[in-house]
Amino acid sequence: MDYSSNRGLQHFRSEVGLKYQLYNSLFTSLPFHRIEKTGILLSLLSNNCEEGYKKNQSPAEIMEDFFNRHTIYTKEQDRNDLLFRFVQYVERQVVLFDALEDAAFGQVNDMNGPGTMKQLESDVMQSEKEKELTEKLKDFSIRLVLTAHPTQFYPGSVLGIINDLSRALAANQTNLVNTYLQQLGKTPFFNKKKPTPYDEAVSLVWYLENVFYPAAGRIITNLKSHFPDAVNDENPLIRMGFWPGGDRDGNPFVTHEITLQVADALRGAIIKCYYMDVRKLKRRLTFEGVDSLVSGLETKLYDNLFIPGHKTSLDKKEIIATLTEIRDILIYKHNRLFLHLVDNLIHKIQLFGLYFSTLDIRQDSSIHDQVVNILAETAVLPAGFSIMDDQAKLDALTSLQPIAATQETDPMVHEALETIRAIKQIQHYNGAEGCNRYIISQCKSALHVMEVYGLFLLAGWKEEELNIDIIPLFETIDDLQHAGGIMETLYQFPAYKKHLAKRMKRQTIMLGFSDGTKDGGYLMANWSIYKAKEELTRLSAKYDVDVIFFDGRGGPPSRGGGKTHKFYASMGHNISNKEIQLTIQGQTVSSNFGTTDAAQFNIEQLLNAGISNGLFSSRLNTLTKKEEKLLEELADAGYNAYRKFRDHPYLADYLLQVSPLRFYSETNIGSRPAKRGSSSGISLKDLRAIPYAGSWAQLKQNVTGYFGVGTALKEMEEKGRIGEIQELYRESLFFRTLLDNCEMAMMKSFFPLTAYLSKHPIYGGIWLAIREEYELTRQYLGRVTGNRELMAAYPIEQVSIAGANDLHRRKK
């Protein structure tokens, strides 16, 4: 263990572990019925569970034994009341643990260490690569896209308390901590009704205002202070994206009206941030010549913010021009006093404009198919469109004319076209960056892309004004393997080639981890995405197109999460790294970006990975042909094992009956339905990736994070090639990160919880297969990595997960 890790682990134990034990004693004063007895009984239940696990007892058997041994409760109502008190108690213990981790973040993590911008600055100066850095930053950026996926279980009110509680804990304000714990006791942890898409947007706007806004400003200001000429003001280094209110894939509650409301909320939020900063400036800039300029800017921002319906001709350039004038006066007349405050605000305005975060529009290709089929039955599309071949359809879609509202009689057609018209309205007020991306889920052909192109023409957009990036999303293993052919068809198609020329010959392609993992298992999904990126990079270069990859990553490793920055650092020269774009989903927003320190650290890790990859990329980052062949064999073996498991006739029933899957649609944590389509039954194909992966996580089995890995490694050993695998682990950062994340998924598993299923007449075989694969994977990971414990290379995360696992087991 290196010095930094050892120091961080010591801080974690003292600032999180020890303080948790100390502050946990305050729980006896929570405003709950018979709270003291609840705590004692909960401890007894924990012991009962441990004993029950050893005997392979079912949850029902464990609870019956507990009630008989430690309580006098016989009525179901009394027992349920006690269980509810347990849940209340443990939920708040989890919050305390989360808040302590947030409070200690800056001490546990080395904010100036490996992966930070401070380290990058040092590396650049020592290697004298200032010119290369300037060249890299001309067009490099990261884009963090916040989504409203239903994995955020804390309601907004609780998230606010966690934020305040973290501040009090960091300052050791025990009385205030006690007050906030009292507030937690009075605050419900569940929503009484499902949030609307607008509610979800408002919750995430809070993070934009209170976390990303100050963190991004701090990063850019620090970077410019060291390399004033390196940062390109016309190319924001940090960009934010936003899906709530724009993502209508499988969510019938997202309408064009909601989209407009959310765009307006984003504009209002960033203007409010600027207004608050200008008010702070006003208190400092009281000098002659600048005071009137600050007051005038304050008034204009106020009018846009607080006068209903009052949207003046405010724009980004005007605000920056005013601040630049103020800046010049400070330099030449006032000894640069408070210049740093003005510069910091200018940097933030250059990042966020008047849009704060780009509102992405996303829709499933099947909806576009239906809209086009409906229009084909009218005179809107050319006669015989439905029986044309694909090439003829592509040509027809590029010559469409705007249609009148009277021709939009079908509600689906009307909504699709109104959504596209709303984009133009958003661009008018928020700027072009406010909404200029249209993502197509389940994209399976070039026709799916050109259908969207044609719909824009029908909605009144002129070909020469189409400043929209049309982004295909490839998700399943089959889609990823055919992505290259689809993009080549588009690159060769004259109309699309012309469109790309207007978009500076840049094509964004989204690749989805979640559905790929659900479809092909952990190894095959990750390898298929790697190979797709490699092929798409080569193909795009052939047609002189700069390809940008947008990764649909979730929080857990099974959905592309884990050590995300290391994946980007591991990409070799054979994969485009012009930008890093990824989704930040659900609870990952609060867990990885919940505080300014955490957000700054994790954003810097991504920036460092992307920039360093371009400046210092080494042999370790690019796979050789031999290594690729080895990884392909591993992926194939893992896929065969996972496919056999996935196709088990009772797997869907297993999840439905044993896991909380059937309750996902009843929880009030998200506005989107748990599955695609409106059928009453359930199939793995229609099931969304989040409920699928989430169900395995709730079972503490985490199948999608490792299943097939052990079998694949065993096959390599049987072929006498385990030595090659060990060498690959040492030499390849990509493979090392792949296995490290696999270990993280396994670390969060706990099989004694479900061991009672091993003897089930129907589901016993499935449980045994999962447990066998887990143990096999654990055994072979030890042989490959040389470690005796899972996540031994990450001691802080290892201890954190162990503590969280203990709390979550008690909650279950």
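Residues numbered from 1 in each chain as written. Predicted model: local features only at pLDDT ≥ 70, side-chain atom pairs only at ≥ 80, totals over all residues. Heavy atoms only, no water.

Caption draft 1: Main features of helix H20 (residues 494-502). Listed in full, the buried residues belonging to H20 are Ala-495, Tyr-496, His-499 and Leu-500. Relative to the axis of H20, the buried residues are bounded by an arc of 135 degrees and lie together on one face. In H20, the exposed positions that point more than 90 degrees away from the buried face belong to Pro-494 and Lys-497. On its buried side, H20 packs onto helix H18 (446-458), strand E6 (469-474), helix H19 (477-492) and strand E7 (506-512). (Buried < 20%, exposed > 50% of the residue type's maximum accessible area, 1.4 Å probe, protein only. Helix = DSSP H or I, 4+ residues; strand = E, 2+ residues; numbered from the N terminus. Arc of directions from axis to C-beta. Contact = heavy atoms within 4.5 Å.)

Caption draft 2: Spotlight on the pattern of salt bridges. A complete count under the given rule lists 39 salt bridges for this structure. Residues Lys-505 and Asp-544 are paired through a salt bridge, measuring 3.1 Å at the closest nitrogen-oxygen approach. With Lys-505 in the loop between H20 and E7 and Asp-544 in the loop between helix H21 (513-542) and strand E8 (546-552), the pair connects residues that are 39 residues apart, well separated along the chain. In this structure, the salt-bridge partner of Glu-633 is Arg-721, at a minimum N-O distance of 2.6 Å. On the criterion of sequence distance, the pair formed by Glu-633 in helix H25 (residues 625-646) and Arg-721 in the loop between helix H28 (709-718) and helix H29 (722-731) is long-range, its members being 88 residues apart. According to the relative accessible area criterion, Arg-721 is buried, its value standing at 18%. Connected through salt bridges with shared partners, the residues Glu-633, Lys-719, Arg-721 and Glu-724 form a single ionic network. (Salt bridge = Lys/Arg side-chain N within 4 Å of Asp/Glu carboxyl O.)

Caption draft 3: Summary view of the side chain of Thr-322. One can find Thr-322 in helix H13 (residues 316-333). Not counting residues up to four positions away in its chain, the partners in contact with Thr-322 are Leu-293 and Leu-297.

Caption draft 4: Summary view of a nonpolar patch on the surface. A surface patch of nonpolar side chains, amounting to about 270 Å² of accessible area, comprises Tyr-302, Phe-306 and Ile-307. Locating Ile-307 in the fold gives a position in the loop between helix H12 (291-306) and H13. Judged by relative accessible area, which is 35%, Ile-307 ranks as partly exposed. (Patch = residues over 30% accessible without salt bridge, like charges linked within 9 Å, V, L, I, M, F, W, Y side chains within 5 Å. Areas by Shrake-Rupley, 256 points an atom, 1.4 Å probe, with all protein chains shown as cover.)

Caption draft 5: Main features of the sheet that holds E6. Pairing within the open sheet is parallel, and its nine strands lie in the order E3-E2-E1-E9-E8-E7-E6-E5-E4. With partners counted over all chains shown, the strands left at the sheet margins are strand E3 (358-359) and strand E4 (361-364), one partner each. Looking at chain direction, E6 and E7 are connected through two bridges and run parallel. Bridge pairing links Leu-473 to Met-510 in E7. Contacting E4 and strand E5 (437-441), helix H15 (residues 365-376) runs over the sheet at an angle of about 75 degrees to E4. (Pairing = 2+ DSSP bridges. Axes fitted to C-alpha atoms, helices over the stretch in contact; angles between N-to-C directions.)

Caption draft 6: Region of the structure containing the pairing of E7. Within E7, seven of the seven residues are buried, which leaves it mostly tucked inside the rest of the structure. Taking the sense of rotation as the criterion, the β-α-β connection linking E7, H21 and E8 turns out right-handed. (Right-handed = clockwise from strand over helix to strand, strands pointing away.)

Caption draft 7: Fine view of the nonpolar core. The biggest cluster of nonpolar side chains holds 243 residues, and the ones touching the most others in it are Phe-242, Tyr-274, Leu-323, Tyr-654 and Trp-696. Looking at which element gives the most residues to this core, the answer is helix H10 (residues 197-226), with 13 residues. Not counting residues up to four positions away in its chain, the partners in contact with Phe-242 are Val-145, Leu-146, Ala-201, Leu-204, Val-205, Leu-208, Val-262, Leu-266, Ser-357, Thr-358, Leu-359 and Asp-360. Grouped together as the second largest cluster of nonpolar side chains are seven residues, Val-145, Trp-243, Ile-439 and Phe-550 included. (Core = buried A, V, L, I, M, F, W, Y, C linked by side-chain atoms within 4.5 Å.)

Caption draft 8: Up close: the packing of aromatic side chains. The tally for this structure, following the rule as stated, stands at 32 aromatic pairs. Where Trp-527 meets Phe-734, the ring centres are 6.5 Å apart and the plane angle is 55 degrees; that geometry is what we call tilted. Of this pair, Trp-527 sits in helix H21 while Phe-734 sits in helix H30 (residues 733-747), placing them 207 residues apart in sequence. The class of Trp-527 is buried, set by a relative accessible area of 6%. On the accessibility criterion, Phe-734 (3% relative accessible area) is buried. Its guanidinium or amino end placed over the ring of Trp-461, Lys-424 lies 4.8 Å from that ring's centre, counting from NZ or CZ. Looking at Arg-437, its charged tip hangs above the ring of Phe-550, at a distance of 4.8 Å from the centre. (Phe/Tyr/Trp six-rings, centres within 6.5 Å; stacked < 30°, edge-to-face > 60°. Lys NZ or Arg CZ within 6 Å of the ring centre and 35° of its normal.)

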